[in-house]
Amino acid sequence: MGLYCDTCKIIPEAEIPDKANYFIAMKTLTAMVNAGDLELVYASCPLENIFDEKQQFRAQKYFHQVRCKNCGMIFGVFYNAKAGGQIKINSKVFDPDDYAFLDKGKEGEE
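Throughout what follows, the structure given in this document is the object of discussion. Each residue is numbered by its place in its chain's sequence as written, counting from 1. Thresholds applied to this predicted model are a pLDDT of at least 70 for local features of residues and 80 or more for the giving and counting of side-chain atom pairs; totals over whole chains, interfaces and linings are not thresholded and use all residues. Side-chain numbers come from the whole structure's heavy atoms, not from hydrogens or water.

1. Topic: the overall build of the protein chain
Inference 1: Tallying secondary structure elements over the protein chain gives 1 helix and 5 strands in all.
Inference 2: Each residue is placed in one exposure class: buried if its accessible area under a 1.4 Å probe, protein chains only, is under 20% of its type's maximum, exposed if it is over 50%, and partly exposed if it falls in between. Each of the 110 residues in the protein chain was classed as buried or not, and the buried ones make up 30%.
Inference 3: Here the analysis covers contacts within the protein chain between residues at least 6 apart in sequence; of these, 51% occur between residues at least 24 apart. Helix numbers and strand numbers start at the N terminus; a helix is a DSSP run of H or I with at least 4 residues, a strand a run of E with at least 2. A contact between two residues is defined here by any heavy atoms of the two lying within 4.5 Å.

If you want it as structure tokens, here you go:
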């Protein structure tokens, strides 16, 4: 594909069909963040809070984004504990302010 650098070429764009594959993906990305290869740029929860001490999910849905510190590629990882998820390249870092519906009802709604 030619988009990946030597650092992030091990991150596949892929479907994540089940908990076991999500666990492996997140352990790999967490190790890469801890090693300084990736930067965590968005997290619906801290990486260490995805699973409890019994390796059970703490929530149903998760979204994390990491950026390769070598080439700047941004990867998004979405996972729904009931339906699976995916890893894919994202064009930019998620910003909740980009979604106007989040502000409805906060300011003088008519």
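Now that the structure is up, let's keep going.
2. Some details on the sheet that holds strand S5 (residues 84-90)
Inference 1: Strand order in the open sheet formed by 5 strands is S1-S5-S4-S3-S2, and the pairing between neighbours is antiparallel. Edge positions in the sheet fall to strand S1 (14-16) and strand S2 (38-43), since each has one partner strand and no second. Between one strand and the next, the sheet's axes are offset by a mean angle of 25°, whatever the strand orientation.
Inference 2: Two strands are said to pair when DSSP picks up at least two bridges between them. For strand S4 (residues 74-80) and S5, the ladder comprises 7 bridges, and the chain directions are antiparallel. The residue of S5 that forms the bridge with isoleucine 74 is asparagine 90. Note on geometry: axes are C-alpha line fits, over the in-contact stretch for helices, and angles between N-to-C directions span 0 to 180 degrees.

3. Re the pairing of S5
Inference 1: For S1 and S5, the ladder comprises 3 bridges, and the chain directions are antiparallel. Its bridge partner being in S5, isoleucine 16 is matched across the sheet by glycine 85.

4. Overview of the pairing of S4
Remark: a regular strand shows side chains that alternate across the two faces of the sheet.
Inference 1: Along S4, 6 of the 7 residues are buried, which leaves the element largely enclosed by surrounding structure.
Inference 2: Alignment of strand S3 (residues 61-68) against S4, held across 7 bridges, turns out to be antiparallel. Looking at S4, one finds that tyrosine 62 is bridged to tyrosine 79.

5. Topic: the nonpolar core
Inference 1: Ile11, Tyr22, Leu38 and Ile50 are the most contacted members of the largest nonpolar core, which totals 23 residues.
Inference 2: The leading source of residues in this core is helix H1 (residues 19-34), at 6 residues.
Inference 3: The contacts of isoleucine 50, once residues within four sequence positions are left out, are Tyr22, Met26, Cys45, Gln56, Phe57, Arg58, Tyr62 and His64. Only buried residues count toward a nonpolar core. Its members are Ala, Val, Leu, Ile, Met, Phe, Trp, Tyr and Cys residues joined through side-chain atoms within 4.5 Å.

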